[in-house]
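# Residue-level structural notes
These are the residues of each chain, in order.
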Protein chains: 2
Amino acid sequence: MSLDADDAGGMKPPAVVLVSGGLDSATVLAIALEQGFACHALSVDYGQRHAVELEAARRAVGRWPGVAHRIVPIDLAAFGGSALTDSEIAVPEEPTDGIPVTYVPARNTVLLALALAWAETLSASRIFIGVNAVDYSGYPDCRPEFVESFEALANVATKEGVEGKRMRIEAPLIHLTKAEIITRGTALGVNYADTISCYQPDPTGAACGRCDSCRLRRAGFAEASLPDPTRYQAPNR
Amino acid sequence: MSLDADDAGGMKPPAVVLVSGGLDSATVLAIALEQGFACHALSVDYGQRHAVELEAARRAVGRWPGVAHRIVPIDLAAFGGSALTDSEIAVPEEPTDGIPVTYVPARNTVLLALALAWAETLSASRIFIGVNAVDYSGYPDCRPEFVESFEALANVATKEGVEGKRMRIEAPLIHLTKAEIITRGTALGVNYADTISCYQPDPTGAACGRCDSCRLRRAGFAEASLPDPTRYQAPNR
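The following paragraphs examine the structure supplied in this document. Everything quoted here is computed from the prediction, not taken from an experiment. (Residues numbered from 1 in each chain as written. Chains lettered and ligands numbered in written order. Predicted model: local features only at pLDDT ≥ 70, side-chain atom pairs only at ≥ 80, totals over all residues. Heavy atoms only, no water.)

### A look at the sheet that holds strand β3 (residues 68-73) of chain A
All names here are of chain A. A sheet is described by the order of its strands in space; here five strands give the open sequence β3-β2-β1-β4-β5, paired in parallel fashion. The strands lining the two open edges of the sheet, one partner per strand, are β3 and β5 (168-170). Going from strand to strand, the sheet's axes swing by 25° on average, the running direction of each strand aside. On the sheet, helix α1 (residues 23-34) packs against β1 (14-18), β2 (38-45) and β4 (126-128) and is oriented at approximately 170° with respect to β1. (Pairing = 2+ DSSP bridges. Helix = DSSP H or I, 4+ residues; strand = E, 2+ residues; numbered from the N terminus. Axes fitted to C-alpha atoms, helices over the stretch in contact; angles between N-to-C directions. Contact = heavy atoms within 4.5 Å.)

### Digging into the side chain of Thr230 of chain B
Residues and elements named next belong to chain B. Relative to the assigned elements, Thr230 resides in the segment after α7 (212-224). Judged by relative accessible area, which is 15%, Thr230 ranks as buried. Thr230 has contacts with Ala207, Arg217 and Phe221, leaving out every residue within four places of it along the chain. (Buried < 20%, exposed > 50% of the residue type's maximum accessible area, 1.4 Å probe, protein only.)

### What about α7 of chain B?
All names here are of chain B. Taking 1.5 Å per residue as the helical rise, α7 with its 13 residues ought to reach 18 Å, and the 18 Å between its terminal C-alpha atoms agrees with that figure. Within the sequence span of α7, burial applies to Asp212, Ser213, Cys214, Arg217, Gly220, Phe221 and Ala224. Elements that come into contact with the buried residues of α7 comprise α1 (23-34) and α6 (178-187). The first or second residue beyond α7 is Ser225, which carries a positive phi of 55°. (Expected span 1.5 Å × (residues − 1).)

### Description of the interface of chain A and chain B
Every contact between the two is made by 38 residues of chain A and, on the other side, 38 residues of chain B. When the two sides are added together, the surface that chain A and chain B hide from each other amounts to roughly 3,100 Å², 75% of it contributed by carbon and sulfur. For the chain A face of the interface with chain B, the top three residues by lost area are Phe79, Leu153 and Val156 of chain A, together amounting to 20%. The interface formed by chain A and chain B contains zero salt bridges. One can count six residue pairs in polar contact (both at pLDDT 80 or more) joining chain A with chain B. The leading source of residues in the side of chain A that touches chain B is helix α3 (residues 107-122) of chain A, at nine residues. Across the side of chain A that touches chain B, the residue classes tally to 25 nonpolar, six polar and seven charged. (Buried area = accessible area lost by both parts, 1.4 Å probe. Salt bridge = Lys/Arg side-chain N within 4 Å of Asp/Glu carboxyl O. Polar contact = N/O pair within 3.5 Å; in protein donor to acceptor, adjacent residues only side chain to side chain. Nonpolar A, V, L, I, M, F, W, Y, C, P; charged D, E, K, R; others polar.)

### Some points on the packing of aromatic side chains
Two aromatic rings, taken as a pair, are described by how far apart their centres are and by the angle between their planes. For the coordinates displayed, the defined rule picks out four aromatic pairs over all chains. On the basis of an interplanar angle of 65° and a centroid distance of 5.5 Å, the ring pair of Phe37 of chain A and Phe128 of chain A is categorised as edge-to-face. Placement of the pair is Phe37 of chain A in the loop between α1 and β2 and Phe128 of chain A in strand β4, with a sequence separation of 91 residues. The same class applies to Phe37 of chain A and to Phe128 of chain A, which are both buried. Considering the side-chain rings of Tyr192 of chain B and Phe221 of chain B, the 5.9 Å spacing of their centres and the 80° angle between planes classify their relative orientation as edge-to-face. Of this pair, Tyr192 of chain B sits in the loop between α6 and α7 while Phe221 of chain B is found in helix α7, placing the two residues 29 residues apart along the sequence. The burial state of Tyr192 of chain B is the same as that of Phe221 of chain B; both residues are buried. (Phe/Tyr/Trp six-rings, centres within 6.5 Å; stacked < 30°, edge-to-face > 60°.)

### Some words on the nonpolar core
Residues Leu42 and Ile127 of chain A together with Leu42 and Ile127 of chain B are the most contacted members of the largest nonpolar core, which totals 86 residues. For this core, the secondary-structure elements that each account for two or more residues are β1, β2, α3 and α4 (144-157) of chain A together with β1 (14-18), β2 (38-45), α3 (107-122) and α4 (144-157) of chain B. Sequence-distant contacts of Ile127 of chain B, that is, excluding residues within four places in its chain, are made with Val16, Leu112, Ala115, Leu116, Ala119, Met167, Arg168, Ile169 and Glu170 of chain B. (Core = buried A, V, L, I, M, F, W, Y, C linked by side-chain atoms within 4.5 Å.)

### Regarding α6 of chain B
Residues and elements named next belong to chain B. For α6, the complete set of buried residues consists of Lys178, Ala179, Ile181, Ile182 and Gly185. Looking straight down α6, one finds its buried side chains confined to an arc of 160°; they lie on one side. In this structure, the buried residues of α6 make contact with α1 and α7. Positive phi appears at Gly189, one or two residues downstream of α6, with a value of about 95°. (Arc of directions from axis to C-beta.)

### With respect to the relation of the copies chain A and chain B
Structural alignment of chain A on chain B gives an RMSD of 0.0 Å, achieved by rotating through 180° and translating 0.0 Å along the axis. Such a turn and shift between the copies fits a two-fold axis. No C-alpha of chain A lies nearer the rotation axis than that of Ile74 of chain A, which sits 2.9 Å from it. By residue overlap, the copies meet face to face through one surface: 100% of the interface positions of chain A are interface positions in chain B. (Least-squares fit on C-alpha atoms with pLDDT ≥ 70 in both.)

### Side note on the pairing of β2 of chain A
All names here are of chain A. Judged by how many residues are buried, β2 sits mostly within the fold: six of eight residues are covered. By the bridge criterion, five bridges tie β1 to β2 in an arrangement that is parallel. Within the sheet, the bridge partner assigned to Pro14 lies in β2 and is Ala38. Between β1 and its parallel partner β2, the chain crosses via α1, and the hand of that crossover is right-handed. Here six bridges tie β2 to β3, and the two strands are oriented parallel to one another. Bridged to Ser43 within β3 is Ile71. (Right-handed = clockwise from strand over helix to strand, strands pointing away.)

### Points about the environment of Arg126 of chain A
Residue and element names in this part refer to chain A. On the secondary structure map, Arg126 appears in strand β4. Between the C-alpha atom of Arg126 and that of Ile169, which follows or precedes it by 43 residues, the distance is 5.9 Å. Among the polar contacts listed, one links the side chain of Arg126 to the side chain of Glu170, at a separation of 3.0 Å.

Honestly, that's just the spatial picture; any functional story needs more than this.
Structural data, given as structure tokens:
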């Protein structure tokens, strides 16, 4: 166990870990556990079309003993505006310039706000999130300046911050490539067969292999020279 | 109509206004309308015990023609930790030192995050919130530094911010006393009988008259020399 967690008298300090069911957040959970935190996994059902992700989140969390898991439903689809929550917008299958339509409005702000609420009730001063600035697909809320800005907010928004207990937003993947993430997680015992990255999986959770997220994931396993355990849909066109 | 809204060619610019059903946010809605914004009222049902507040929000919004209203449910009670969401913690009836148990964890962070999501889909660059630093009951997320910090976050978290369209968090009540808020809202046509401030109203929405929030409200009407339209519970003890 690492010393990163400021282990106080044998009690593991609590941390909230955002777990989406994807490859990145499953890796972050393994990193937080390895650093010695008592992990509280938070998944948010934000009305996304790929609800099979939540099943993946349950598998990814359930693999580790002693990790609490809460799934909070919230209807971001009520606001529309993204191919991930709005069934009238098509998921693109070719790379696009600029910010893609798969962007969910203010998603990471909402996720971190909910994590902050749970962290406050736990008196936890760490929140882990799997954002990544390398393969970030142009999402503004995956950049280091976003994470730093939320950390500054957390320190004025909460009892903990006001009382001088520094809140930290941990984004351990932020500067890693997909291949580096996969290599790290594999070493820590993550089973990536648990996870789903595809923006348009079929109802069984099989991946399309064509969307941005599938392409990044597949290339990551190839670059890491590790077998890709992803279950892809049968090619039928 | 004021010129504050940067009225572009006769089209009113959109704004999201957080409306809780309380006195403050009803006043903020009237201010945003008076400034010429096309208002989109957002209420969040965060598992609070006083759900009659949402009925008050419907009344307060319904009084103005042309205001869109969305109510988003979110279960902050799942995280526990506050007398307003956790039925096992009693609401205090005497003033307390420090941060009171009625504090809902990260409430305004969660509310603003949701407002930001809607603002992004509307391409709105203004969010109005009724926080108040004078009668703030010790909540960290009612202070000017909280509002400023969220505004900084909004400008790195969103497409609008990244593309150079400045997001603004408007907190027009932040330095007003309760009496000043009531005086302002009354001049703008707010009917405070629509609103509920009590932390423990009865099922009909009648106020207890004893909690922190009732005491502040009652004193505000007295100081403003305006009649208090609040319906109080019959005194039976």
